[in-house]
Amino acid sequence: MDCLEITGGARLRGAIEINGSKNAALPILAATIFCEGETILRRVPDLADVRQMIRILEKLGLSFEWLGPGAVKVRVEDEMNCHAEYREVSKMRASVCVMGPLLAKRKQAQVAMPGGCAIGDRPVDLHIQGMLALGADFDLVNGDMVLRAKRLKGTEIFLGGAFGSTVTGTANVMMAAVLAEGRTIIESAACEPEISDLAEFLNKCGAQITGHGTPRVTIDGVQSLRGCEHTILPDRIEAGTFAMAAAITNGDLLLKNARIEHMLAVVDRLRKIGVIVERAETGISVSSSRRLEPVEITTQPYPGFPTDLQAQIMALLCLADGNSVVCEKVFPDRYLHVAELNRMGARLRKEGPTVIVQGVKRLVGAPVMASDLRASAGLVLAGLIAKGKTMVRRAYHIDRGYEKIEEKLNAVGADIRRVDEEL
Ligand code: UD1
């Protein structure tokens, strides 16, 4: 099993190119189920999760042809199959994004109910609530959600839950509504830039969506969608991770393509910590050369601080000069990295959804276990500064969301080797 062996201590300097966003690419790939003719997507990141989504879509009758790095041509060949099976869905929760397009376009969706995962329960009740509101029939058969509707009907839907808005839930309901009869209004919609990118893709295909990027999205149903060309927006989570890599190593990185306007909560916290973050002509520059100040972080739906960067900023705060507080308001159980960071000399104490981070002078290398995608990114960051060697086991988690992370970091001075280790 792949393992990342990191020798800590190097200052990172140079430029890193930020990829297309994973969380935008996944629902946009699912949305190609709608498209008549050809669709060409550019800056599609080469990630395990993207390959998994493509495998699912191939089973649903779509064909994919790679035109070059990041560029893929998609075509719907056969619309008979409407079943995304448990074997596939259990590997990646975002597969649930095929539900909206299948139901709207093929009048039926059979999608395995995703289970929990390392970061918590992760229910899909809001997705189903939205489909029911649009007039779908719902049944649970052998662990599959089976939805049917001859034609969905536009309506007003409140999509907020106990933890705020839902990202893939908004994507699903928005997609289901694009071919519905009449107008749909989603209230408490997720405002994430990835939802806006999906809406812009759908509009290029002929959909009529307005208000995306705000909590109130309006969708006027149309008869059909045709393929288009679209470039996936840059990944703000990858950019945020590398920004913290610059900060934790006292380095200096230019994050090419990164969009500061999508990262204001992250920039705000980094600046409070004492990191220099500036808009550059081609992206964002991040540097640090002074002691780190402790801060309070609360994760929230966009535009708040993203839960997907919570583990990474916690690694950074381990080295701050004082006590920080991290409160996880999106996935309150998303703390599997805490015990692993403590194995590296961090002083973290979890109290319910909150972690008190007592700053330490240094971290020390250790074998640690990656438990989920972003937790492993946090461990890699800790490894970059830890004294000695850190072995991040189960590196496949990190490959789900970061393309060639060791190559990118080594190119700016890190010392990371991918090794095969028997567990
Ligand atoms: C998406 C992102 C993931 C990110 C998360 C939160 C993708 C592919 N994944 O995941 O990287 O960490 O947003 O920013 O874009 N909830 C319900 N009922 C539902 C759906 C969600 O209660 O039907 C709750 C969840 O348990 C969680 C909160 O709502 O507490 C937000 O989850 P959600 O936005 O749906 O996360 P995902 O879309 O799965």
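Since we're looking at a predicted model, the values are computed, not measured.

> Would you explain the state of the cysteines in this entry?
Disulfide: a covalent bond formed between the sulfur atoms of two cysteine residues. In total, this model carries zero disulfides according to the counting rule given. Free of any disulfide, Cys-228 has its nearest cysteine sulfur in Cys-205, 3.6 Å distant.

> Just to check I follow, could you spell out the pairing of strand 8 (residues 108-112) for this structure?
Every other side chain in a regular strand lies on the same face of the sheet, so the side chains alternate between the two faces. By the criterion of burial, strand 8 is predominantly enclosed, with four of the five residues buried. Summarising the sheet, strand 7 (residues 83-84) and strand 8 pair through two bridges and their orientation is parallel. Across the sheet, His-83 pairs through a bridge with Gln-110, a residue of strand 8. Relative to strand 10 (residues 144-148), strand 8 runs antiparallel, the two sharing five bridges.

> How do you make sense of the site of the ligand when you look at a structure like this?
Neighbouring the ligand are 18 residues; Asp-125, Thr-166, Thr-168, Asp-308 and Val-330 lie closest to it. Between an oxygen atom of the ligand and a side-chain N or O atom of Asn-23, the distance comes to 3.1 Å. Protein contact buries 89% of the 730 Å² of open area that the ligand shows by itself. Taken together, the elements giving at least two residues each to the shell around the ligand come down to helix 5 (125-133) and helix 6 (167-177). The dominant element in the shell around the ligand, judged by the number of residues it contributes, is helix 5, at three residues. In the shell around the ligand, the residues fall into eight nonpolar, six polar and four charged. Both domains that meet at the shell around the ligand, namely domain 1 (2-19 + 234-420) and domain 2 (22-231), each give it at least three residues.

> Honestly, the pattern of salt bridges in this entry has me stumped. Any pointers?
Two side chains of opposite charge can pair, provided their charged atoms sit close to one another. Across all of its chains, the model carries 31 salt bridges by this definition. In this structure, the salt-bridge partner of Glu-194 is Arg-236, at a minimum N-O distance of 2.8 Å. Within this pair, whereas Glu-194 is found in helix 7 (residues 193-204), its partner Arg-236 is found in helix 8 (residues 236-248), the two being separated by 42 residues in sequence. Residue class for Glu-194 comes out buried when judged on its relative accessible area of 4%. Across the pair Arg-291 and Glu-293 runs a salt bridge whose closest N-O atoms are separated by 3.2 Å. Among the charged side chains, a network of salt bridges with common partners joins Asp-2, Asp-399, Glu-406 and Arg-418.

Reading guide: rules and limits
Residues numbered from 1 in each chain as written. Predicted model: local features only at pLDDT ≥ 70, side-chain atom pairs only at ≥ 80, totals over all residues. Heavy atoms only, no water. Disulfide = S-S within 2.5 Å. Buried < 20%, exposed > 50% of the residue type's maximum accessible area, 1.4 Å probe, protein only. Helix = DSSP H or I, 4+ residues; strand = E, 2+ residues; numbered from the N terminus. Pairing = 2+ DSSP bridges. Near = heavy atom within 4 Å. Polar contact = N/O pair within 3.5 Å; in protein donor to acceptor, adjacent residues only side chain to side chain. Areas by Shrake-Rupley, 256 points an atom, 1.4 Å probe, with all protein chains shown as cover. Nonpolar A, V, L, I, M, F, W, Y, C, P; charged D, E, K, R; others polar. Domains from an automatic or database assignment. Salt bridge = Lys/Arg side-chain N within 4 Å of Asp/Glu carboxyl O.

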